[in-house]
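# Coordinates in review
Given next are the chains, with one letter for each unit.
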Amino acid sequence: MSEAIQSGAADDSADIPSHRELVDETLVKLYFLTALAFLTVSMLAGLLMALQLIRHNPLQGLELFSPGRWRMVHTNAVAYGFLANGFIGALHWIVPRLTLHPVFSRKLSWFIYAAWQAVVLATAGGIVLGEAQGLEWGETPVWVDPVAQLGLLLLAINFMPPIARMKGPVYVTLWYFMAMFVWTFLTYAMGNFVPQYFVTGTSAGAVGGLFIHDLVGLFVTPLGWGMMYYFVPILLKKPIWSHGLSLVGFWGLAFFYPLQGIHHFLYTPIPMFLQYGAVVSTIAVELVVTTVIINFFGTIWGSTSAVKTNLPIRWFYTGMIYYFLTCLQCSFQVTLTFQKVIHFTDWVVGHAHLVMFGVFTMWIMGMMTYLFPRLLNRPWYSQTACEWHYWLSSLGILFMAGDLTLLGLFQGWSWAALEPWDVSVELSVPFWALRVVAGLAMFAGLLVFMWNLWKTWSSVPEQQSSPAAVPAAA
Ligand code: HEM
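Counting restarts for each chain: residues are numbered from 1 in the order of the written sequence. At least 70 in pLDDT is required for a residue's local features to be given in this predicted model, at least 80 for side-chain atom pairs to be given and counted, and no such filter applies to totals for whole chains, interfaces and linings, which use all residues.

Glancing now at the overall build of the chain. Strands are runs of DSSP state E lasting at least 2 residues, helices are runs of H or I lasting at least 4, and numbering of each runs from the N terminus. What the chain contains, in helices and strands, is 16 helices and 0 strands. C-alpha atoms define the radius of gyration, and 2.2 Å times the number of residues to the power 0.38 defines the globule rule. The C-alpha radius of gyration of the chain comes to 22 Å, within 12% of the 23 Å expected for a compact globule of 474 residues. Projected onto the principal axes, the alpha-carbon positions of the chain cover approximately 75 × 50 × 45 Å. Expressed as a percentage of its 474 residues, the buried residues of the chain come to 46%. We call two residues in contact if the C-beta atoms placed from their backbones are at most 7 Å apart. Of the contacts made within the chain by residues no fewer than 6 positions apart, 83% connect residues no fewer than 24 positions apart. Between the buried cut of 20 or more and the exposed cut of 12 or fewer other C-beta atoms within 10 Å of a residue's own C-beta lies the partly exposed class, and all C-beta atoms are placed from the backbone.

A word on the packing of helix α9 (residues 243-256) against helix α10 (residues 272-300). Between α9 and α10, the least distance of the axes is 9 Å, while the angle of their chain directions is 160 degrees. Classified by the angle their axes make, α9 and α10 are roughly antiparallel. Considering only the axes of α9 and α10, their crossing is left-handed. On the side of α9, the interface is formed by L245, S246, V248, G249, G252, L253 and F256, while α10 contributes S281, A284, V285, V288, T291, V292, I294 and N295. Between N-to-C directions, angles cover 0 to 180 degrees, with each direction set by a line fitted to C-alpha atoms, over the stretch in contact for helices. When an angle is under 35 degrees it counts as roughly parallel; over 145 it counts as roughly antiparallel; between 65 and 115 it counts as roughly perpendicular; any other value is oblique. Whether a crossing is left-handed or right-handed is set by the direction in which the near helix is turned from the far one by less than a right angle, anticlockwise for left-handed and clockwise for right-handed.

For the rest of this paragraph, the subject is the domain arrangement of the chain. Looking at the assigned domains, one finds that the chain contains domain 1 (17-167) and domain 2 (303-456 + 467-474). Domain borders in the structure are assigned automatically or taken from a domain database. Distance from the C-alpha centre of domain 1 to the C-alpha centre of domain 2: 20 Å. Domain 1 puts 23 residues into the contact, and the matching count from domain 2 is 20 residues. Those elements giving two or more residues to the side of domain 1 that touches domain 2 turn out to be α2 (19-22), α3 (25-53) and α4 (67-99).

Around the ligand, the surrounding shell holds 19 residues, and the nearest of these are G46, M49, A352, M356 and G439. Breaking the shell around the ligand down by element, the ones donating at least two residues are α3, α4, α14 (346-376) and α16 (421-457). A total of 7 residues in the shell around the ligand trace back to one element, the largest contributor, which is α14. Here the nonpolar group is Ala, Val, Leu, Ile, Met, Phe, Trp, Tyr, Cys and Pro; Asp, Glu, Lys and Arg are the charged ones; every other residue, Gly included, is treated as polar. Within the shell around the ligand, the residues separate by chemical class into 12 nonpolar, 6 polar and 1 charged. Residue assignment places the shell around the ligand across two domains, with domain 1 (17-167) and domain 2 (303-456 + 467-474) each supplying three or more. Working rule for contacts: place C-beta from the backbone, and if it is within 6 Å of a molecule or strand, that residue counts as near it.

Below, the discussion takes up helix α8 (residues 201-236). Across its 36 residues, α8 extends 51 Å between first and last C-alpha, which sits within 8% of the 52 Å expected from 1.5 Å per residue. Here α8 lies mainly inside the structure; 28 of its 36 residues are buried. Taken from the residues just after α8, K237 is the one with a positive phi, measuring 55 degrees. Expected span of a helix: the number of residues minus one, times 1.5 Å.

We define a nonpolar core as a collection of buried residues of the types Ala, Val, Leu, Ile, Met, Phe, Trp, Tyr and Cys that are connected via C-beta atoms lying within 7 Å of each other. M227, M228, F316 and W363 are the most contacted members of the largest nonpolar core, which totals 125 residues. In this structure, W363 is in contact with G224, M227, M228, W315, F316 and G319, ignoring residues within four places of it in sequence.

This part takes up α14. The angle between axes fitted to the seven residues ending at a residue and the seven residues starting there is what we call the bend at that residue. Maximum bend of α14: about 30 degrees, positioned at T361. Of all the 31 residues making up α14, 23 are buried; the element is thus mostly covered by neighbouring parts of the structure. At the C-terminal side of α14, N377 shows a positive phi close to 65 degrees.

As a further point, take unusual backbone geometry. With phi around 65 degrees, W137 is a residue other than glycine that occupies positive phi space. Its location among the elements puts W137 in the loop between α5 (106-128) and α6 (145-165). In this structure W137 comes out as partly exposed when scored by C-beta crowding, with 18 C-beta atoms within 10 Å.

On to the environment of G217. Among the structural elements, G217 can be located in helix α8. The exposure class of G217 is buried, given the 21 C-beta atoms found within 10 Å. A C-alpha to C-alpha distance of 12 Å links G217 and G252, two positions 35 residues apart in sequence.

This paragraph deals with the packing of α8 against α14. Contact pair α8 / α14: the axes reach a minimum separation of 11 Å and the direction vectors enclose 40 degrees. In terms of crossing hand, the pair formed by α8 and α14 is left-handed. Contacts from V216, V220, G224, M227, M228 and F231 in α8 reach V355, V359, F360, W363, M367 and Y370 in α14. Residues belonging to the contact of α8 with α14 are distributed by class as follows: 11 nonpolar, 1 polar and no charged.

When pLDDT is averaged along the chain, the result is 92, and 95% of the positions lie at 70 or above. Along the chain, pLDDT gives the predictor's confidence residue by residue, from 0 to 100. Every residue in residues 1-12 is under pLDDT 50, and counting partners more than four places away or in other chains gives 38 contacts. Throughout residues 468-474 the model reports pLDDT below 50, and contacts reaching past four residues in sequence, or to other chains, amount to 13 contacts.

Quick look at the environment of S394 now. On the secondary structure map, S394 appears in helix α15 (residues 383-416). Judged by C-beta crowding, with 23 C-beta atoms within 10 Å, S394 ranks as buried. Residues S394 and F211, 183 residues apart in the sequence, show an inter-C-alpha distance of 28 Å.

Our next topic: the environment of P379. Along the polypeptide, P379 turns up in the loop between α14 and α15. Residue classification places P379 among the exposed positions, given that 12 C-beta atoms sit within 10 Å. Counting along the chain gives 78 residues from P379 to W457, while the straight-line C-alpha distance between them is 9.6 Å.

Structure (structure tokens):
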């Protein structure tokens, strides 16, 4: 199925602009490379923190490398440096090809690229120098916040015009993207300014809870699903199973997701009606997610061999299975009964890695595996290395999430039995050591991928004028 048909813009076929007029490939490549660089930094920071927890910190005593600071670098570099750059790079490919209109301004695209990297670097630098803002996931120093807010506005200004100029019905991918531009702008403002300047105490906690969750649900999730709705039909060469169901997923997310953030703070002094509301809307989201999963498995039905033969599809569908597992996990952990055991334990850390790495990183890696050969106009140097990247990453995260989930239960039971705190720490150490092993496997996967990319880049290009010659449906 062609992208023009997906977008409903097929009537314009007489004057379809060329791929080169639509897509700034250099910028897409740059975004992807920058994303990989930040992922490397983030994983090294994660390993540092993980080693600290098993009392083997190699940089002991160096204030600038204190694990507390690098834990924040770990999460911020992953969210704003890796996921955001990976997704924005893909937006520069998808939106112009789907709408058949270029972004509002290429110069603005380059300005946003530079400004965004300045924001991420200033955030990392500010955190390392002890300037972190005291808000979970909002650690971007206060002097960076207005610049990041402006960057999000400019992003919307650059991508909305091609969508607005498009003719015909709007494909679900673009529904997700349009909503994301608005939601992310509002979410960032809410999380970084409201608790800092306008409310305090439990109210600030409640807003912080909304922010943490909306960052995942209204920024990363619509980007991720929007991209799956774009790439999966192209790669499988067939339409999405049910357009109606895809809209149920979109509106369900829009309606229920913003209400659930307070589930991060169950059993706190935040009023109980808000906590109950968050529990109910979280369970509602699980139902919505199930419809989305059914839609994608309905789509691959009859073509399941693609999981073996088509590596990007395998990355995407593995991510979807992990997504389902994360949500299943969530529907247990959101109940007050379960919270009594797992609150504050490593169960939550396992859950966070399963969704951030197991789902969104897997999807970005699948996209990169698909797009790099088109951007570089040559096949992957080594298919074996591509396979290694996939297996090290997907098994590494499964191992890490399983390890931490189990540990969370043991920690919770130890605390519930009123055992002394240090008993739970001692029992955690072997599990934390296994986390290092899993992390090293995931990191090794990344190194293999970057080596393969380097070798691919330095190999001879194929005899094609441009990746545009690679058909959209390939
Ligand atoms: C080399 C692989 C990795 C290792 C060893 C690692 C390790 C860690 C450690 C030790 C923490 C702190 C846990 C604590 O405070 O108890 C953490 C937190 C976190 N990491 Fe990683 N990590 C890795 C990769 C990643 C990746 C690739 C992502 C995202 C794509 C990620 C997302 C997160 C998140 C979201 C948290 C915060 C969890 C929470 O606050 O509940 N990590 N990681």
